[in-house]
Amino acid sequence: MIFRLAPGTPADVVQELRDRLEKVGVRTRLSPETAQPIFAAVDKVPTKLGEEIAAHERVLETVTPRGAWRLADRAFRNTPTVADVGGVRVGGRQVVVIAGPCSVDAFMDEAADQVKRAGGHILRGGAYKPRTSPWSFQGFGEEGLRLLKSSGNRIGLPVISEIMDASHLPAFIEHGIDCLQVGARNMQNFTLLKAISSCGIPVLLKRGLAATVEEWLYSAEYVLAGGCQNVILCERGIRTFEKATRNTLDLTILPLLREWTHLPVVVDPSHAAGIASLIPTLSRASVAAGADGLAIEIHPDPSQARSDADQALLEGELAQITADARTLGAVIGRRE
Ligand SMILES: [Mn+2]
């Protein structure tokens, strides 16, 4: 249950109400919301006590979350979360474009220049690659993180890279990676989610290949529960019976997530489609459906990309997508 209190309620009153729950073994968590005090009861609230607290003069309303998540629920914040990724606001008015090569490779610097020229806001690049086949390119590892950050620094953009194992976290911290991407295959790797949740770095959580929205929000709840406020959801296509595309982009859940959670949502049309020519259209559709950002794979010479060559776009195509995102964003009221 989530208790939403009147703006200006003194902290000691909030604490007193929480204490009444804590005393009977109900854990509570305070929202980081500043507009008004909001707290959640993590465990089941005894009916009579719940009614008593709801009747308190400072309690405006009580909300029962749709699932057993608490911190990810829309009611836990007054205004939607805006995640800060190295100074770039994800979830604000601007549609944020995350772009770069699938894997960090010898073209990293050139790709970074293209992302910058094309109007991208965050530079991506995979250093540790979760590949379906063990014989496929596995990434440059820590050296990839160093190259990515060096490119990001040179062009003045924050960087994001996928973390596959908690033992790699010190390297991500040491190289100043601005956002940790948890890939689709690791969405329910709860050990990893717990390990990265308290390091202070924003987390972009991709939806699992066959994960429901509920399962996805529970994973987000793990990261929030560990203390990370800057959580970004990323829809990247789900597995369906359709084989013509790599995955099926599920845009239906975008307006649904707006009702269920306060977390920002970005869309990755590259991995959803797996086919370069489809990505510009899917990008426009994503922005129209309310995406806070787009994650796009590009490569200066797709024929030489070490992974995901079929879905890599060229600089001009990325520039068109960022221009379209700005135009469409304005049409739907996201003026910068
Ligand atoms: Mn990729």
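Reference entry: report on the structure contained in this document.

Criteria and cut-off values
- Residues numbered from 1 in each chain as written.
- Predicted model: local features only at pLDDT ≥ 70, side-chain atom pairs only at ≥ 80, totals over all residues.
- Heavy atoms only, no water.
- Helix = DSSP H or I, 4+ residues; strand = E, 2+ residues; numbered from the N terminus.
- Rg over C-alpha atoms; globule rule 2.2 N^0.38 Å.
- Buried < 20%, exposed > 50% of the residue type's maximum accessible area, 1.4 Å probe, protein only.
- Donors = N, O, S within 2.8 Å, 3.2 Å for Na, K, Ca; no water.
- Pairing = 2+ DSSP bridges.
- Axes fitted to C-alpha atoms, helices over the stretch in contact; angles between N-to-C directions.
- Contact = heavy atoms within 4.5 Å.
- Salt bridge = Lys/Arg side-chain N within 4 Å of Asp/Glu carboxyl O.
- Lys, Arg positive; Asp, Glu negative; His and termini not counted.
- Parallel < 35°, antiparallel > 145°, perpendicular 65-115°, else oblique.
- Left-handed = near helix turned anticlockwise from the far one by under 90°.
- Nonpolar A, V, L, I, M, F, W, Y, C, P; charged D, E, K, R; others polar.
- Patch = residues over 30% accessible without salt bridge, like charges linked within 9 Å, V, L, I, M, F, W, Y side chains within 5 Å.
- Areas by Shrake-Rupley, 256 points an atom, 1.4 Å probe, with all protein chains shown as cover.
- Charge placed at Lys NZ, Arg CZ, Asp CG, Glu CD.

**Here we look at the overall build of the protein**
Each helix and strand in the protein was counted, giving 11 helices and 14 strands. The C-alpha radius of gyration of the protein comes to 21 Å, within 12% of the 20 Å expected for a compact globule of 336 residues. Seen through its principal axes, the protein has C-alpha atoms that stretch 65 × 45 × 40 Å. Expressed as a percentage of the 336 residues in the protein, the buried residues total 55%.

**Comments concerning the coordination of the manganese ion**
Only Cys-102 (SG), His-271 (NE2), Glu-297 (OE) and Asp-308 (OD) from the protein coordinate the manganese ion, and they sit 2.0 to 2.4 Å from it. Sequence spacing of the donor residues for the manganese ion, all on one chain, is C-x168-H-x25-E-x10-D. Placement of the pair is Cys-102 in the loop between β7 (96-100) and α3 (108-117) and Glu-297 in strand β14 (residues 293-297), with a sequence separation of 195 residues. Each member of the pair, Cys-102 as well as Glu-297, carries the same accessibility label: buried.

**Here we look at the sheet that holds strand β3 (residues 38-41)**
Taken in spatial order, the four strands of this open sheet run β2-β3-β1-β4, and their pairing is antiparallel. Edge positions in the open sheet fall to β2 (28-30) and β4 (59-63), since each of these has one partner strand only. Within this sheet the neighbouring strands show an average axis-to-axis angle of 20°, counted without direction. Relative to β3, strand β1 (residues 2-5) is paired through three bridges, and the arrangement is antiparallel. Following the sheet pairing, Phe-3 is matched in β3 by Phe-39. Strands β1, β2, β3 and β4 of the sheet are contacted by helix α1 (residues 11-22), whose axis makes an angle of about 160° with β2.

**Quick word on the pattern of salt bridges**
The full count for this structure, using the stated rule, is 18 salt bridges. Between Glu-52 and Lys-48 there is a salt bridge whose closest N-O contact spans 3.0 Å. You can see Glu-52 and its partner Lys-48 sitting in helix α2 (residues 47-54), four residues apart, about one turn around the helix. What makes Glu-52 partly exposed here is its relative accessible area of 35%. Its relative accessible area of 61% is what places Lys-48 among the exposed residues. Salt bridges sharing common partners tie together Arg-20, Lys-48 and Glu-52.

**As for the side chain of Arg-236**
Mapped onto the elements of the fold, Arg-236 is located in the loop between β12 (231-235) and α8 (253-260). In this structure, Arg-236 is buried with no salt-bridge partner, the nearest side chain bearing the opposite charge being Asp-268 at 5.7 Å. Ignoring anything within four residues of it in the chain, the contact list for Arg-236 reads Ala-184, Arg-185, Lys-206, Arg-207, Leu-209, Asn-247, Asp-268, His-271 and Ala-272.

**Structural notes on the packing of helix α7 (residues 213-225) against α8**
At a closest axis distance of 12 Å, the pairing of α7 and α8 adopts a crossing angle of 50°. Our classification of the angle between α7 and α8 gives oblique. In this structure, the crossing between α7 and α8 has a hand that is right-handed. From α7, Val-213, Glu-214, Trp-216 and Leu-217 reach across to α8, where they touch Ile-253, Leu-256, Leu-257 and Trp-260. By residue class, the composition of the contact of α7 with α8 is seven nonpolar, no polar and one charged.

**As for a negative patch on the surface**
On the surface, a cluster of negative charge is contributed by Asp-12, Glu-16, Asp-19 and Glu-22. With respect to the helices and strands, the residue Asp-19 is situated in helix α1. Using a relative accessible area of 31% as the deciding quantity, one classes Asp-19 as partly exposed.

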